[in-house]
Amino acid sequence: MGIAKFILEGVTQIDVTSDTVTSNNLLSGYIATGADGERVVGAYTGEGNINPYVMRTVTSFDSTISYLGTGAFRSCATLLTVNIPQCTSIGTEAFRDCTSLTTVYASNCENILGGAFSYCTELTDISFPNCKSIGPNAFVNCNIRIASFPECEYIYTQAFGLCSSLTEAFFPKCTTMYSMAFAYCYSLSSLYFPKITTISASCFRGCSAITEINPIMFPSLSLIIGNYAFFDCRNLVSVNLPSCTGVGLSAFMECSSLVNVSLPMCTEIAEYAFMNA
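Analysis parameters
- Residues numbered from 1 in each chain as written.
- Predicted model: local features only at pLDDT ≥ 70, side-chain atom pairs only at ≥ 80, totals over all residues.
- Heavy atoms only, no water.
- Helix = DSSP H or I, 4+ residues; strand = E, 2+ residues; numbered from the N terminus.
- Buried < 20%, exposed > 50% of the residue type's maximum accessible area, 1.4 Å probe, protein only.
- Contact = heavy atoms within 4.5 Å.
- Areas by Shrake-Rupley, 256 points an atom, 1.4 Å probe, with all protein chains shown as cover.
- Core = buried A, V, L, I, M, F, W, Y, C linked by side-chain atoms within 4.5 Å.
- Pairing = 2+ DSSP bridges.
- Salt bridge = Lys/Arg side-chain N within 4 Å of Asp/Glu carboxyl O.
- Phe/Tyr/Trp six-rings, centres within 6.5 Å; stacked < 30°, edge-to-face > 60°.

A. Summary view of the overall build of the chain. A count of helices and strands for the chain gives zero helices and 28 strands. Expressed as a percentage of its 277 residues, the buried residues of the chain come to 46%. Across the chain, every contact between residues at least 6 apart in sequence was considered, and the portion connecting residues at least 24 apart equals 25%. Carbon together with sulfur atoms contributes 51% to the accessible area of the chain, which is approximately 11600 Å² in total.

Structural data, given as structure tokens:
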């Protein structure tokens, strides 16, 4: 039957040293660091003893842990919910391929590293109110509907790529987005990035639900649209960006529904910017 609820009371750090799977279908190779600094192989169950294995059949993770290391819960296929209110950093691929995971609450997390929740195909409900940085591929191919990160400043490459159910992206403090950050988010239509001055290469590539781009979405006083930024946004009808000063290579290429463009401050439009639009 496995463990119904996996609790790590007082554990401050977990790192993965191997991906060894025993004949009993137990995932081993964990090192836990307790509040007293003692490092033990396995994980603390919250019942006064050290469990030398982590069951693959864990369904929820509720903990006072402050740091999750690389691959800490990778491929825990039955994990459903994660509540880590004191965790400040989630390591690389910490929850990758947790294909049943639906909910994550991390109220104090400031850094989500690369691939942390990649391919969590059922993940729909997330809360990261204090997150400042989202690493590359962090949420790639997840089922998130709304990405609301009120404190986030950095979104790295393909952080939300292929999130086909994502409809809203709300990032009031974001200053930097890297390439393909929201590429192929087919349902994405509502954007809010008031501090962005450069829309990076292929950032919204293939986002076919975007129908308009306006100064409410990108109100910066000086805006540059990068190469392929809105490539193949096939339902884009209107672009109205009074503060845009430059449009990159193929930025709106294959935007076949585009009929209205207003860029009164633009001084440079690169090759093929509106080709087949």
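Picking up after the structure, the text goes on.
B. How the structure looks around the side chain of Ser-89. With respect to the helices and strands, the residue Ser-89 is situated in strand E12 (residues 89-90). Of the residues examined, Ser-89 reaches a relative accessible area of 15% and is grouped as buried. What Ser-89 contacts, discounting residues up to four positions off in sequence, is Ser-66, Tyr-67, Leu-68, Cys-109 and Asn-111.

C. Here's a closer look at the nonpolar core. Membership of the largest hydrophobic core comes to 74 residues, with the highest contact counts inside it found for Phe-117, Phe-139, Phe-160, Phe-182 and Phe-204. Elements supplying a minimum of two residues to this core: strand E24 (223-225) and strand E26 (244-247). Apart from residues lying up to four places away in sequence, Phe-139 is in contact with Ile-112, Phe-117, Leu-123, Ile-126, Phe-128, Ile-134, Ile-144, Phe-149, Ala-159, Phe-160, Gly-161 and Cys-163.

D. Representation of the pairing of E26. By the bridge criterion, three bridges tie E24 to E26 in an arrangement that is parallel. Note that in E26 the partner of Ile-224 across the bridge is Gly-246.

E. How the structure looks around the pattern of salt bridges. Inspection of the entire model under this criterion finds six salt bridges. Residues Arg-74 and Asp-97 are paired through a salt bridge, measuring 4.0 Å at the closest nitrogen-oxygen approach. Of this pair, Arg-74 sits in the loop between strand E10 (67-68) and strand E11 (81-83) while Asp-97 sits in the loop between E12 and strand E13 (103-105); the two residues are 23 residues apart in sequence, bridging distant segments of the chain. Judged by relative accessible area, which is 33%, Arg-74 ranks as partly exposed. Between Asp-232 and Arg-234 there is a salt bridge, and its shortest N-O distance comes to 2.3 Å.

F. Region of interest: the sheet that holds E26. Judged by pairing direction, the sheet is parallel, and its four strands sit side by side in the order E22-E24-E26-E28 without closing on themselves. One side of each edge strand has no neighbouring strand; the edge strands of this open sheet are strand E22 (198-199) and strand E28 (268-269).

G. Structural detail: the side chain of Ser-133. Its place among the elements puts Ser-133 in strand E16 (residues 133-134). Apart from the residues lying within four places of it in its own chain, the contact partners of Ser-133 are Glu-110, Asn-111, Ile-112, Cys-152, Tyr-154 and Tyr-156.

H. Seen up close, the environment of Gly-135. Within the secondary structure layout, Gly-135 lies in the loop between E16 and strand E17 (146-148). Apart from the residues within four sequence positions on either side, Gly-135 is in contact with Ile-112, Leu-113, Gly-114, Tyr-156 and Ala-159.

I. Structural context of the packing of aromatic side chains. Taken as a whole and judged by the stated rule, the model has 27 aromatic pairs. Relative to Phe-193, the ring of Phe-171 lies with its centre 5.4 Å away and its plane at 5°, an arrangement referred to as stacked. Here Phe-171 is found in the loop between strand E19 (168-170) and strand E20 (176-177), whereas its partner Phe-193 is found in the loop between strand E21 (190-192) and E22, with 22 residues between them in sequence. You can call Phe-193 buried: its relative accessible area is 0%. A centroid spacing of 6.1 Å and a plane angle of 65° characterise the contact between Phe-193 and Phe-204, whose relative ring orientation is edge-to-face. Placement of the pair is Phe-193 in the loop between E21 and E22 and Phe-204 in the loop between E22 and strand E23 (212-213), with a sequence separation of eleven residues.

Any functional reading would require information beyond the geometric quantities listed.
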